[in-house]
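This is what each chain is made of:
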Amino acid sequence: MKPAILVARAIFPEVLSRLHQHFEVESNQDDVIFTPAELAQRLAGKAGILATGSARIDAALLQQVPELKMVANMAVGYDNIDLPACSAHGVMASNTPDVLNETTADFGWALMMATARRITESEHWLRAGKWNKWRYDYFLGPDLHGSTLGIIGMGRIGQAIARRSTGFNMRVIYHNRSRITPELEAQANNASYVSKEELLREADHVMLVLPYSPASRHTIAAAELAIMKPTATLTNLARGGIVDDVALIAALREKRIAAAGLDVFESEPKFHPDFLTLDNVVLTPHIASASEKTRLAMANCAADNLIAGLSGQVPPNLLKL
Ligand code: GLV
Ligand code: GLV
């Protein structure tokens, strides 16, 4: 008998077909967001789940589903999964690293450039019929080229963002839990390792690409915003919660930094309504990895992990405690 799995959210039909070859599949192509109680109910008797960030896999859930053996997350981030609880219950977990590095780095640049050069703000103004003349000082913003890019979180996505900066003649500084190797620094446009404080003081554009954890919560809060340049931009590609949204809203309102670009929010899809009252913020709905090719690759990667894990092999992207 094939093992039973739950595909917790809607997914590419071709990936669902692949999964049907290996498993008894309960799918959710209507894309209902399950409550924790519904998730537990759907998972009863299942050996695996293909999950996204909307499924919280914690001790309370795992206690209710003793047959579960494997959680394959379709995301590189896995802050929705309590790894120690999985380990305690003998449940394997995997993520989808690497396949999204370049696409996410592309988007980081798109968001940073839109933020600095006020692309969405000026388009809204144009669409609202306000464009009746050209003026020397309409929509001035900071330059990207020749500026200093500060990357917090120098993993594979951070390095891919840094590599792209060579064409813009930028200086790259970074902060990370630990220094990356000199070889990787050289490939990342000769990035130099600095303290978080030095990065915030010196960067013209700050980019957040670090994983969320209780330790990285509010990496950027009032004290950090206070030492950034008033002309600086802040781009968050990583997770909501890494930025203190209330402190950011105050800083943007008082123009203590120039602008922010945010792809992620603390309680997404809900976000602080005051963001909508600000012109100097670009808001996108968690789409940094959303190219057709990459999202399909992420889905297939999650499927590969589930197929391996539930057939007695080591999943290629098994997460370790
Ligand atoms: C998306 O945010 C991911 O973690 O892949
Ligand atoms: C990026 O999305 C991460 O969670 O590392």
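Residues numbered from 1 in each chain as written. Chains lettered and ligands numbered in written order. Predicted model: local features only at pLDDT ≥ 70, side-chain atom pairs only at ≥ 80, totals over all residues. Heavy atoms only, no water.

- As annotated in an unreviewed UniProt entry, the protein carries the name D-glycerate dehydrogenase and comes from Undibacterium aquatile.
- Regarding the protein, the UniProt comment filed under Sequence similarities (unreviewed entry) reads as follows: "Belongs to the D-isomer specific 2-hydroxyacid dehydrogenase family." (UniProt positions renumbered as here; feature names shortened; annotations may be inferred.)

## Quick look at the sheet that holds strand β8 (residues 192-193)
Line of reasoning, step 1. The strand order across the open sheet built from 7 strands is β8-β7-β6-β9-β10-β11-β12, with neighbouring strands paired in parallel fashion. Of all strands in the sheet, those with a lone pairing partner are β8 and β12 (281-283), marking the two edges.
Line of reasoning, step 2. Strands β6 (148-152), β7 (171-175) and β9 (205-208) of the sheet are contacted by helix α7 (residues 156-163), whose axis makes an angle of about 170° with β6.
Line of reasoning, step 3. The strands touched by helix α11 (residues 245-253) within the sheet are β10 (233-236), β11 (259-262) and β12, with β11 carrying the most contacts at an inclination of about 140°. (Pairing = 2+ DSSP bridges. Helix = DSSP H or I, 4+ residues; strand = E, 2+ residues; numbered from the N terminus. Contact = heavy atoms within 4.5 Å. Axes fitted to C-alpha atoms, helices over the stretch in contact; angles between N-to-C directions.)

## Focus on the nonpolar core
Line of reasoning, step 1. Counting residues in each nonpolar core, the largest one holds 46 residues, and the members touching the most others are L19, L149, I151, M154, I161 and L306.
Line of reasoning, step 2. Counting only elements with at least two residues in this core, the list comes to β1 (4-7), α1 (13-22), β4 (70-73), α5 (101-116), β6, α7, β7 and α12 (292-309).
Line of reasoning, step 3. Apart from the residues within four sequence positions on either side, L19 is in contact with I5, V7, V25, L50, A303 and L306.
Line of reasoning, step 4. Formed by 29 residues, the second largest nonpolar core is a distinct cluster that contains L200, A232, A247 and I249. (Core = buried A, V, L, I, M, F, W, Y, C linked by side-chain atoms within 4.5 Å. Buried < 20%, exposed > 50% of the residue type's maximum accessible area, 1.4 Å probe, protein only.)

## With respect to a nonpolar patch on the surface
Line of reasoning, step 1. A contiguous nonpolar patch, built from F271, L276 and L283 and spanning about 270 Å² of accessible area, is present on the exposed surface.
Line of reasoning, step 2. Here L283 shows up in strand β12.
Line of reasoning, step 3. You can call L283 partly exposed: its relative accessible area is 30%. (Patch = residues over 30% accessible without salt bridge, like charges linked within 9 Å, V, L, I, M, F, W, Y side chains within 5 Å. Areas by Shrake-Rupley, 256 points an atom, 1.4 Å probe, with all protein chains shown as cover. Salt bridge = Lys/Arg side-chain N within 4 Å of Asp/Glu carboxyl O.)

## A word on the UniProt feature "domain: D-isomer specific 2-hydroxyacid dehydrogenase NAD-binding" (unreviewed entry) in the protein
Line of reasoning, step 1. Using the residue numbers shown here, the UniProt feature "domain: D-isomer specific 2-hydroxyacid dehydrogenase NAD-binding" (unreviewed entry) corresponds to residues 110-288.
Line of reasoning, step 2. The span residues 110-288 carries 29% helix and 15% strand; its end-to-end C-alpha distance comes to 9 Å.

## A look at the site of ligand 1
Line of reasoning, step 1. Around ligand 1, the surrounding shell consists of A75, V76, G77, L100, R239, H286 and M298.
Line of reasoning, step 2. Taking H286, its side chain carries an N or O atom lying 2.5 Å from an oxygen atom of ligand 1.
Line of reasoning, step 3. In the complex, 85% of the free accessible area of ligand 1, which totals 190 Å², lies under the protein chains.
Line of reasoning, step 4. Broken down by class, the residue content of the shell around ligand 1 amounts to 4 nonpolar, 2 polar and 1 charged. (Near = heavy atom within 4 Å. Polar contact = N/O pair within 3.5 Å; in protein donor to acceptor, adjacent residues only side chain to side chain. Nonpolar A, V, L, I, M, F, W, Y, C, P; charged D, E, K, R; others polar.)

## Side note on the site of ligand 2
Line of reasoning, step 1. In the vicinity of ligand 2, the contacting residues are V76, G77, P211, A238 and R239.
Line of reasoning, step 2. Protein contacts shield 85% of the accessible area of ligand 2, which totals 200 Å² for the unbound molecule.
Line of reasoning, step 3. Within the shell around ligand 2, the residues separate by chemical class into 3 nonpolar, 1 polar and 1 charged.

## So, the sheet that holds strand β5 (residues 92-94)
Line of reasoning, step 1. Pairing within the open sheet is parallel, and its 5 strands lie in the order β2-β1-β3-β4-β5. The strands lining the two open edges of the sheet, one partner per strand, are β2 (24-26) and β5. On average, adjacent strands in this sheet sit at an angle of 15° to one another, irrespective of strand direction.
Line of reasoning, step 2. Where β1 and β2 come together, 3 bridges link them in parallel fashion.

## Describing the environment of K46
Line of reasoning, step 1. Within the secondary structure layout, K46 lies in the loop between α2 (36-43) and β3 (48-51).
Line of reasoning, step 2. Given the relative accessible area of 9%, K46 is considered buried.
Line of reasoning, step 3. K46 sits 22 residues away from E24 along the chain, and the two C-alpha atoms are 9.0 Å apart.
Line of reasoning, step 4. Non-local contacts of K46, meaning those with residues more than four positions away in its chain, are made with A4, I5, L6, E26, E67 and L68.
Line of reasoning, step 5. A polar atom in the side chain of K46 sits 2.8 Å from the side chain of E26.

## Some details on α11
Line of reasoning, step 1. Within the sequence span of α11, burial applies to D245, A247, L248, I249, A251 and L252.
Line of reasoning, step 2. Buried residues belonging to α11 abut α10 (222-227), β10, β11 and β12.
Line of reasoning, step 3. One side-chain oxygen at the N-terminal end of α11 lies 3.1 Å from the backbone nitrogen of V246; it belongs to D244.
Line of reasoning, step 4. Positive phi shows up at K255, right after α11, with a value of about 55°.

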